[in-house]
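Coordinate analysis (summary)
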Amino acid sequence: TTFEDVVVSVKDAELLGEGRGFEIAQGRLGPGRLHHCMRLIGMGERALTLAARRAEARVAFGQPLSRNASVLQTLGRARVTLDGARLATLDAARRLDAEGNKAAKGAIAACKVAAPAAAIAVIDAAIQIHGALGVCDDTPLARMFAG
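Residues numbered from 1 in each chain as written. Predicted model: local features only at pLDDT ≥ 70, side-chain atom pairs only at ≥ 80, totals over all residues. Heavy atoms only, no water.

**Considerations on helix α4 (residues 101–130)**
A rise of 1.5 Å per residue sets the reference length of α4, with its 30 residues, at 44 Å; its end C-alpha atoms lie 41 Å apart and thus fit the reference within 8%. Immediately beyond the C-terminal end of α4, within one or two residues, lies Gly131, with a positive phi of roughly 70 degrees. (Helix = DSSP H or I, 4+ residues; strand = E, 2+ residues; numbered from the N terminus. Expected span 1.5 Å × (residues − 1).)

**Points about the side chain of Thr89**
Residue position: Thr89 is located in helix α3 (residues 69–99). Residues within four places of Thr89 in sequence aside, it is in contact with Leu34, Cys37, Met38, Ile41 and Cys111. (Contact = heavy atoms within 4.5 Å.)

**So, the side chain of Ser66**
Inspection of the secondary structure assignment puts Ser66 in the loop between β2 (63–64) and α3. Relative accessible area serves as the criterion here: at 14%, Ser66 is assigned to the buried category. (Buried < 20%, exposed > 50% of the residue type's maximum accessible area, 1.4 Å probe, protein only.)

**Structural notes on the nonpolar core**
Counting residues in hydrophobic clusters, the biggest one holds 32 residues, and the most contacted among them are Ala47, Leu75, Ile123, Ile129 and Leu141. Listing elements by their share of this core, those giving two or more residues are α2 (21–57), α3, α4 and α5 (141–146). Among the elements that take part in this core, α4 stands out by supplying 12 residues, more than any other. Leave out the neighbours within four places in its chain, and Leu141 touches Ala47, Leu50, Ile123, Ala126, Ile127, His130 and Gly134. (Core = buried A, V, L, I, M, F, W, Y, C linked by side-chain atoms within 4.5 Å.)

**Quick word on the environment of Gly134**
Relative to the helices and strands, Gly134 resides in the loop between α4 and α5. Residue class for Gly134 comes out buried when judged on its relative accessible area of 0%. Aside from chain neighbours lying at most four places away, what touches Gly134 is Ile127, Thr139, Leu141 and Ala142.

Below, the structure written as C-alpha cells:
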C-alpha cells in the first residue's frame, strides 16, 4: 500500500507529548524482555522433553540411558534450572503488572540473566544425551543452541 498527499497534524502524531518518545520506547522494553525470557524457557522445555524421550529410547551398555543415575541427575538438574527461570519470569511479570516498569526493573534484570542461562544449560544437556543426533538437523537442538 502506498499513500500520497497524506498529512498528519502534529497534534494527532504526538502520543505523550513532545520529547517523550524515549519514555515510550523504554516503557516497552520490560515487557519485550519478558517475552524473550518466556520464549527461551519454552525452548528449554522442548529440549528437556526431547532429552527425556531420547534417554528412554537410546540404549548404551545394554540398558536405556534413563536407567543411568548420571543421566537422571542431568535431567533433574535441567528441570530445576528451568523451573527457577520460569519462577523468576513469572515474578517479574507479576511485578510489572502490579507495580510498573520502574519497580520491576530488578526482577526483569534477574530473569534476563536466569532464562538464557537456563535455556543454554538445558539445551546443552539435551544435545549431550542425544549424542551425535543432537548436533545434526534431525532434531531442533543444534538450531536452538545456535540461536
